[in-house]
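# Residue-level structure breakdown
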Amino acid sequence: EKNIIDCFHTFVPHSGRGQGLAGKLVIFAFEYCIDNNYKLKPSCSYISDTFLKKEKYLKYLPYVAQ
């Protein structure tokens, strides 16, 4: 399907973990999608099971592709 970006994996090396980098990466991906009329498919379990469950990120739910 067009206009969908599939985020299938989010990886942060051990040296960068615990600093919120995965969340920043996902925010950047969502902001890119919003700015360019795309939707994001959250195939990555971090996005679907952790990021999108946090209340402060629920604003991105309208931009999630099924």
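As the structure is a computational prediction, the values presented were derived from the model and not from experiment.

## Notes on the confidence of the model for the chain
- Looking at the chain, pLDDT values average 95 and 98% of them are 70 or higher.
- Of all secondary-structure elements in the chain, the lowest mean pLDDT belongs to helix α2 (residues 45-50), at 96, while strand β2 (residues 39-41) reaches the highest, 98.

## Topic: the nonpolar core
- The biggest cluster of nonpolar side chains holds 13 residues, and the ones touching the most others in it are Phe-30, Leu-40, Ile-47, Phe-51, Leu-52 and Tyr-60.
- Looking at which element gives the most residues to this core, the answer is helix α1 (residues 21-35), with four residues.
- Residues within four places of Leu-52 in sequence aside, it is in contact with Phe-30, Pro-42, Ile-47, Tyr-57, Leu-58, Tyr-60, Leu-61 and Val-64.

Thresholds, definitions, all that
- Residues numbered from 1 in each chain as written.
- Predicted model: local features only at pLDDT ≥ 70, side-chain atom pairs only at ≥ 80, totals over all residues.
- Heavy atoms only, no water.
- pLDDT = per-residue confidence, 0-100.
- Helix = DSSP H or I, 4+ residues; strand = E, 2+ residues; numbered from the N terminus.
- Core = buried A, V, L, I, M, F, W, Y, C linked by side-chain atoms within 4.5 Å.
- Buried < 20%, exposed > 50% of the residue type's maximum accessible area, 1.4 Å probe, protein only.
- Contact = heavy atoms within 4.5 Å.

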